[in-house]
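Each chain, written out:
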2 protein chains.
Amino acid sequence: MTTDPAASLATAQRSLGDPALRYPLWPPLTSGCPKSSTDEVAYPVEVDYAYEHVPADLFDGRPPRTGLDRWAPLLPPLAAPGLGEGGTPLVELGPGVFVKDESRNPTWSHKDRLNRCTVSAAVACGAPGVVVASSGNHGASAAAFAARAGLRCVVLTSTGLPQAMDTFLRAYGAVVLPVPTEARWPLTRRIAEHFGLQPVSNVTRTHTGHAFGPEGYKTIAYEIHAELGAPAAVFVPTGYGELLFGIGKGFAELHRLGVTDRVPRLFACEPAAGGPLAAALRQGLPAAHVDVGATDAYGIGCSVNGYRGVLAVRNSGGRPVLLTDEQLHAAQTELAHAGLWAELSASAGLAGLRACADEAFDGPVVCVSTSSGFKDRGVGKERSEPVSPEWTAVRGRLRAAGIGE
Amino acid sequence: MTTDPAASLATAQRSLGDPALRYPLWPPLTSGCPKSSTDEVAYPVEVDYAYEHVPADLFDGRPPRTGLDRWAPLLPPLAAPGLGEGGTPLVELGPGVFVKDESRNPTWSHKDRLNRCTVSAAVACGAPGVVVASSGNHGASAAAFAARAGLRCVVLTSTGLPQAMDTFLRAYGAVVLPVPTEARWPLTRRIAEHFGLQPVSNVTRTHTGHAFGPEGYKTIAYEIHAELGAPAAVFVPTGYGELLFGIGKGFAELHRLGVTDRVPRLFACEPAAGGPLAAALRQGLPAAHVDVGATDAYGIGCSVNGYRGVLAVRNSGGRPVLLTDEQLHAAQTELAHAGLWAELSASAGLAGLRACADEAFDGPVVCVSTSSGFKDRGVGKERSEPVSPEWTAVRGRLRAAGIGE
């Protein structure tokens, strides 16, 4: 469950704002690129690797389910122990349409891939713990990996957190602090500085996040490729765009290494109530701020994007897709009626595909479903009506539901 | 995602009450063995196979994560499509102690392995749907696989169902009928008969369940073996004993086929508030009835056992372990603090190991963790106290929690 950190071929951090700017691998830059960032836009950094030394057989065969360690050469050093993250199944929804079900991860979301990398950074830096601003999956995942590594975890949540998520976070021993939403980023930064905790979520005005985190998402691309080759398109639920970027980078690496001769188009699926990435792309900006209206998709309702998302969409020839809550709920129902109960935000991938009926795809398409239905606000709010155990009552209820027709 | 049902080597059903009694493979016997059962004890049946035709390479290498289809020769015909069930990771908790994390399944519990088989039986029989009595994981899993196969699903729940589980069941389109607990078994039988639905849970006085279901659990043994060989012991959360039986049968098959030269001891981990299997073993009976006292482990608090559990413990040289809620909660906390948030009932495997400190094991041990922490009654009942965003308040809360010590 642990991998020799020396297995990593990571060499440096490179600015996404100006790829000519390189920084040493350590310490991880948790506030983006210090040189190219401006007062208006913070540019993230990414990790660079000694690609010429990637083992020739790294992408051979179908990978066993052994956690991200399988891909250690192309990840930051995995100094923290794993939890069997990744290796999630592709479920065929219909001809040529696949769902990558990330709810099969240790904390039942894609975030486990990211946090294996961020908590590894904390361990490698000798930090006593991590701090994260999150209302959900990110926080719980960071808490789980921190607990597994014997580190503390502080989670700054918003006061509107679904109650089940609060239990979820505390189960792992995290210290949960509900604070007003606008206070989360500055407090994350201050707690990190004061207590020496590694910040594993964003602390800058436009989104940068942790330098190492999105590297973990590359493994989704590796896994999809191992089963399908490069699909024609991947539809990705999009908040700050780290998942989108990681999947795009993974395919770009496969292309660079000669493992595939094409990369999929990436479709960034955002709630129409917000949609900062769509706004940034429309305006030709690296990042945009938007007001977020009412949406039940709390996991991806963001007021600002990160430049990573812009790069991922542009470099893959993809595009943004804005989705109403009605479209998201319809996709959630479609998934559940195929046996996959996804969080509403997680259903954005399939909703995006359904919204692109005008697109023609030259090959299979993959919709990423990021998380489990247990994490939505509405869970447990309604109760099925009890029925009298008398046969006529039971039979009547079943007939009314269309059983036996 | 589907496998040619002809890939199955299943040949017949055989009575566990009298192994000389064999029945044709079809129709599946959903009320146990009609000949050996008495008014007091219903004996289950199991599936027999043409073991002499098992492909020589079936157990070679580490299996890819492709659902139960990987093991089709030793399963009943898989006529229903899968959801990428099984292939769950073994997480090392400490030296020689592994957790088989079944919360990574499509509906986040082990029951998905069983219901791939039961819903396949319904499809093969041409039934329009399935009916199941369940307060949780079994029902949701049946609902998911039925939805995937285009069948209807009726779930008879108890009125004390945790509210999140109600949402969970209905998400898949199941018809959910809360009824008094004692009415569930007779109603399951009557609904099955009247509407032609396949019953996928028990309908007899002592537990028999569906003939094909426990076959799915054998794959847990195959997977453990592929990673560890045969461990010294497996600790299994035990309700009616189907999981225990399936794991035992899987290892017995590996032994019979010459793939392993030993089988693990099976420890049946039951809540002390009930414990019908422990009672049956103590009294030398095939099945026992007990009163179930108060326990939070609602998933495994059973008033009667099935004969399968007796056979599994006896044939493996194992034993029952009775666990208090205090022991279960301690194991749940231990798992969560290692990054695995399990349902309380699911924590019984680790609790069982911890309760057996006097046992010496000649090799690794595996604790099966059957399900996710999201499914417990207490989830969402408590809220973290909001904190003022002022630095002194935040710093104080963190210091009080031991951060920065």
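- In the nomenclature of an unreviewed UniProt entry, chain A is known as Pyridoxal-phosphate dependent enzyme of Streptomyces morookaense.
- In its Cofactor (unreviewed entry) section, UniProt records this for chain A: "pyridoxal 5'-phosphate".

1. Regarding the interface of chain A and chain B
Here comes step 1: Listed by partner, the interface residues are 81 residues for chain A and 81 residues for chain B.
Here comes step 2: Carbon and sulfur atoms supply 63% of the area that chain A and chain B bury against each other, a total of about 7100 Å² over both sides.
Here comes step 3: The largest share of the area that chain A buries against chain B comes from Trp108(A), Phe374(A) and Trp391(A), three residues that together contribute 11% of it.
Here comes step 4: Between the two partners, chain A and chain B, sit zero salt bridges.
Here comes step 5: Taken together, chain A and chain B are joined by 24 residue pairs in polar contact (both at pLDDT 80 or more).
Here comes step 6: Residue assignment for the side of chain A that touches chain B shows that the elements contributing at least two residues are strand E4 (90-94), helix H2 (137-149), strand E7 (152-158), helix H3 (163-171), strand E8 (175-179), helix H4 (184-195) and helix H11 (391-400) of chain A.
Here comes step 7: The element best represented in the side of chain A that touches chain B is H3(A), accounting for eight residues.
Here comes step 8: Per-class residue counts for the side of chain A that touches chain B are 43 nonpolar, 20 polar and 18 charged.

2. Here we look at the packing of helix H6 (residues 242-256) of chain B against helix H8 (residues 307-316) of chain B
Residues and elements named next belong to chain B.
Here comes step 1: Where H6 meets H8, the closest approach of the two axes is 8 Å, and the angle between their N-to-C directions is 40°. Taken together, H6 and H8 sit at an angle that is classed as oblique. H6 and H8 meet at a crossing whose hand is left-handed. Here Glu 242, Leu 244 and Phe 245 of H6 come into contact with H8, specifically with Arg 308, Gly 309, Ala 312 and Val 313.
Here comes step 2: Tallied by class, the residues present in the contact of H6 with H8 amount to four nonpolar, one polar and two charged.

3. Things to note about the nonpolar core
The tendency in soluble globular proteins is for nonpolar side chains to be buried as a group.
Here comes step 1: Among the nonpolar cores identified, the biggest contains 115 residues, and Cys153(A), Phe235(A), Trp341(A), Cys153(B), Phe235(B) and Trp341(B) are the most heavily contacted of them.
Here comes step 2: Contact partners of Phe235(A), with chain neighbours within four places excluded, come to Phe267(A), Cys269(A), Gly349(A), Gly352(A), Leu353(A), Cys356(A), Phe361(A), Val365(A), Val366(A), Cys367(A) and Val368(A).

4. A look at the pairing of strand E3 (residues 45-49) of chain A
Residues and elements named next belong to chain A.
Here comes step 1: Most of E3 sits inside the fold, with five of its five residues counted as buried.
Here comes step 2: Across five bridges, the pairing between strand E1 (residues 10-15) and E3 is antiparallel. When the bridges of E3 are listed, Gln 13 appears paired with Val 47.

5. A short note on the packing of aromatic side chains
Here comes step 1: Scanning the entire structure with this criterion turns up 37 aromatic pairs over all chains.
Here comes step 2: Judged by centre distance (5.8 Å) and plane angle (80°), the rings of Phe267(B) and Phe361(B) are edge-to-face. You can see Phe267(B) sitting in strand E11 (residues 265-271) and its partner Phe361(B) sitting in the loop between helix H10 (348-355) and strand E13 (365-369), a full 94 residues away along the chain.
Here comes step 3: Look at Phe267(B) and you get buried, because its relative accessible area is 0%.
Here comes step 4: Directly above the ring of Phe245(A) sits Arg308(A), whose terminal nitrogen or CZ lies 5.8 Å from the centroid.
Here comes step 5: Over the ring of Trp71(B) we find Arg70(B); its NZ or CZ atom is 4.3 Å from the centre of that ring.

6. Here's the deal with the sheet that holds strand E12 (residues 319-323) of chain A
Residue and element names in this part refer to chain A.
Here comes step 1: Taken in spatial order, the six strands of this open sheet run E4-E5-E13-E10-E11-E12, and their pairing is mixed. The open sheet has two edge strands with one neighbour each: E4 and E12. With strand direction ignored, the average angle separating the axes of adjacent strands in the sheet is 25°.
Here comes step 2: Relative to strand E11 (residues 265-271), strand E10 (residues 233-237) runs parallel, the two sharing five bridges. Within E11, the residue paired with Phe 235 across the bridge is Phe 267.
Here comes step 3: In the packing of helix H8 (residues 307-316) onto the sheet, the strands contacted are E11 and E12, and the crossing angle to E11 comes to about 140°.

7. Here we look at the relation of the copies chain A and chain B
Here comes step 1: Overlay of chain A on chain B (RMSD 0.0 Å): rotation 180°, translation along the axis 0.0 Å. Accordingly, the operation relating the two chain copies is best matched by a two-fold axis. No C-alpha of chain A approaches the rotation axis more nearly than that of Arg104(A), which lies at 2.2 Å.
Here comes step 2: When the interface residues of chain A are mapped onto chain B, 100% of them again fall at the interface, so both copies present the same face.

8. What about unusual backbone geometry?
Residues and elements named next belong to chain A.
Here comes step 1: Cis rather than trans, the peptide bond between Trp 26 and Pro 27 has omega equal to -5°.
Here comes step 2: When you line up the elements, Pro 27 lands in the loop between strand E2 (22-24) and E3.
Here comes step 3: At Trp 108, a position not held by glycine, the phi torsion is positive, near 65°.
Here comes step 4: Position of Trp 108 relative to the elements: it lies in the loop between strand E5 (97-101) and helix H1 (111-125).

9. Topic: the UniProt feature "domain: Tryptophan synthase beta chain-like PALP" (unreviewed entry) in chain A
Here comes step 1: In the numbering used here, UniProt assigns the feature "domain: Tryptophan synthase beta chain-like PALP" (unreviewed entry) to residues 83-370 of chain A.
Here comes step 2: Structurally, residues 83-370 of chain A is divided into 39% helix and 18% strand, and its ends, taken at the C-alpha atoms, are 17 Å apart.

10. A few points about the environment of Ile247(A)
All names here are of chain A.
Here comes step 1: Structurally, the position occupied by Ile 247 is in helix H6 (residues 242-256).
Here comes step 2: Its relative accessible area of 0% is what places Ile 247 among the buried residues.
Here comes step 3: Measuring from C-alpha to C-alpha, the distance between Ile 247 and Gly 82 comes to 20 Å, with 165 residues separating the pair along the chain.
Here comes step 4: With near-sequence residues (within four places) excluded, Ile 247 lies in contact with Tyr 217, Ile 220, Ala 221, Val 234, Val 236, Leu 266 and Val 368.

11. Considerations on the pattern of salt bridges
Here comes step 1: Counted by the stated rule, this structure contains 37 salt bridges over all chains.
Here comes step 2: Salt-bridge contacts for Lys249(A) lead to Glu215(A); the nearest nitrogen and oxygen are separated by 2.9 Å. Placement of Lys249(A) in helix H6 and of Glu215(A) in the loop between strand E9 (198-199) and helix H5 (218-228) is noted, with a sequence separation of 34 residues between them. When sorted by exposure, Lys249(A) lands in the same class as Glu215(A), which is buried.
Here comes step 3: A salt bridge links Asp69(B) to Arg116(B); the nearest nitrogen and oxygen atoms lie 2.9 Å apart. With Asp69(B) in the loop between strand E3 (45-49) and strand E4 (90-94) and Arg116(B) in helix H1 (residues 111-125), this pair connects stretches of sequence that are 47 residues apart. Residue Asp69(B) shares its accessibility class with Arg116(B), and that shared class is buried.

12. Overview of the sheet that holds E13(B)
Residues and elements named next belong to chain B.
Here comes step 1: An order of E4-E5-E13-E10-E11-E12 is seen for the six strands of this open sheet, with the pairing classed as mixed. The two strands at the open ends of the sheet, each matched to only one other strand, are E4 and strand E12 (319-323). Between one strand and the next, the sheet's axes are offset by a mean angle of 25°, whatever the strand orientation.
Here comes step 2: On the sheet, H10 packs against E4, strand E5 (97-101), strand E10 (233-237), E11, E12 and E13 and is oriented at approximately 100° with respect to E12.

13. Details of the state of the cysteines
Here comes step 1: For the structure shown, the criterion picks out zero disulfides over all chains.
Here comes step 2: In this model Cys153(A) remains outside any disulfide bridge; the closest cysteine sulfur is found in Cys125(A), 16 Å from its own.
Here comes step 3: Here Cys153(A) falls in the buried class, since its relative accessible area comes to 3%.
Here comes step 4: Cysteine Cys117(B) remains unbridged, with the sulfur of Cys125(B) as its closest cysteine sulfur at 13 Å.

14. Concerning the side chain of Glu242(A)
All names here are of chain A.
Here comes step 1: For Glu 242, the location among the structural elements is in helix H6.
Here comes step 2: Here Glu 242 sits buried without a salt bridge, and the closest side chain of opposite charge, Arg 308, lies 4.0 Å off (N-O distance).
Here comes step 3: Setting aside anything within four residues of it in sequence, one finds Glu 242 in contact with Lys 111, Leu 114, His 207, Thr 208, Gly 209, His 210, Pro 214, Tyr 217 and Arg 308.

Each value, and the rule that gives it
Residues numbered from 1 in each chain as written. Chains lettered and ligands numbered in written order. Predicted model: local features only at pLDDT ≥ 70, side-chain atom pairs only at ≥ 80, totals over all residues. Heavy atoms only, no water. UniProt positions renumbered as here; feature names shortened; annotations may be inferred. Contact = heavy atoms within 4.5 Å. Buried area = accessible area lost by both parts, 1.4 Å probe. Salt bridge = Lys/Arg side-chain N within 4 Å of Asp/Glu carboxyl O. Polar contact = N/O pair within 3.5 Å; in protein donor to acceptor, adjacent residues only side chain to side chain. Helix = DSSP H or I, 4+ residues; strand = E, 2+ residues; numbered from the N terminus. Nonpolar A, V, L, I, M, F, W, Y, C, P; charged D, E, K, R; others polar. Axes fitted to C-alpha atoms, helices over the stretch in contact; angles between N-to-C directions. Parallel < 35°, antiparallel > 145°, perpendicular 65-115°, else oblique. Left-handed = near helix turned anticlockwise from the far one by under 90°. Core = buried A, V, L, I, M, F, W, Y, C linked by side-chain atoms within 4.5 Å. Buried < 20%, exposed > 50% of the residue type's maximum accessible area, 1.4 Å probe, protein only. Pairing = 2+ DSSP bridges. Phe/Tyr/Trp six-rings, centres within 6.5 Å; stacked < 30°, edge-to-face > 60°. Lys NZ or Arg CZ within 6 Å of the ring centre and 35° of its normal. Least-squares fit on C-alpha atoms with pLDDT ≥ 70 in both. Disulfide = S-S within 2.5 Å. Lys, Arg positive; Asp, Glu negative; His and termini not counted.

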